[in-house]
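# Architecture at a glance
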Amino acid sequence: MKISEMAAATATNIETVRYYVKIGLLPAPARTGANYCSYGSEHLARLSFIRRARDLGFTLDQVRELLGLSDHREQSCAAVDAIANTHLAEIDRKIADLQAMRGELSRMIGDCRQGTVADCLIIETLAPARLTQ
């Protein structure tokens, strides 16, 4: 399979596929007689795994660990659970941060007096003191 076919099948940019090969997430493909890359079904399966993990927000390092663990299917999945739990905790932290940001922005909007920009509390809150004078 050509790189363009594999990229299209997984909705992945061709340059991203090349990058994954370069950093070792995907094994180097075989070469044809004309020196074109030839990807197999194992490449497609691995790229699909990477793509799904990235869509879920796993970092490249976490994906690398998960791929390494998936290559040893007889092992306990405790290490996989640990990676997933760490990622889930990070997502929970980001959600809390976003909720705090939402609350602050909502408060700023609620405090708006609907006057002129010169009197805007949102601008006043965002701008350093020297810019609002």
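## Focus on the overall build of the protein chain
A count of helical and extended segments in the protein chain gives six helices and two strands. In the protein chain, the succession of α and β elements from N to C terminus is α-α-β-β-α-α-α-α. Rg of the C-alpha trace for the protein chain: 24 Å, well past the compact-globule value of 14 Å for 133 residues, more than 25% over. Working note: accessible area of the protein chain is about 9400 Å², and carbon and sulfur atoms make up 56% of it. Across the protein chain, the centroid of the 16 positively charged side chains sits 6 Å from that of the 16 negatively charged ones.

## Focus: the nonpolar core
With 17 residues, the main nonpolar core has Val 17, Leu 26, Ile 50 and Val 63 as its most contacted residues. Broken down by secondary-structure element, the contributors of at least two residues to this core are helix 1 (3-10), helix 2 (14-22), helix 3 (41-55) and helix 4 (60-70). At four residues, helix 4 tops the list of elements feeding residues into this core. Those residues in contact with Val 63, other than ones at most four positions away along the chain, are Leu 25, Ile 50, Ala 53, Arg 54 and Phe 58.

## Comments concerning unusual backbone geometry
Of note in this structure, Ala 11 is not a glycine but carries a positive phi near 55°. Tracing the backbone through its elements, the reader meets Ala 11 in the loop between helix 1 and helix 2. In this structure Ala 11 comes out as exposed when scored by relative accessible area, which is 56%.

## What about the packing of aromatic side chains?
Under the counting rule described, the total for this entry stands at one aromatic pair. Judged by centre distance (6.3 Å) and plane angle (50°), the ring pair of Tyr 19 and Tyr 20 falls under tilted. Classification of Tyr 19 by relative accessible area gives partly exposed; the value is 40%. A relative accessible area of 8% places Tyr 20 in the buried class.

Rules used throughout
Residues numbered from 1 in each chain as written. Predicted model: local features only at pLDDT ≥ 70, side-chain atom pairs only at ≥ 80, totals over all residues. Heavy atoms only, no water. Helix = DSSP H or I, 4+ residues; strand = E, 2+ residues; numbered from the N terminus. Rg over C-alpha atoms; globule rule 2.2 N^0.38 Å. Areas by Shrake-Rupley, 256 points an atom, 1.4 Å probe, with all protein chains shown as cover. Lys, Arg positive; Asp, Glu negative; His and termini not counted. Charge placed at Lys NZ, Arg CZ, Asp CG, Glu CD. Core = buried A, V, L, I, M, F, W, Y, C linked by side-chain atoms within 4.5 Å. Buried < 20%, exposed > 50% of the residue type's maximum accessible area, 1.4 Å probe, protein only. Contact = heavy atoms within 4.5 Å. Phe/Tyr/Trp six-rings, centres within 6.5 Å; stacked < 30°, edge-to-face > 60°.

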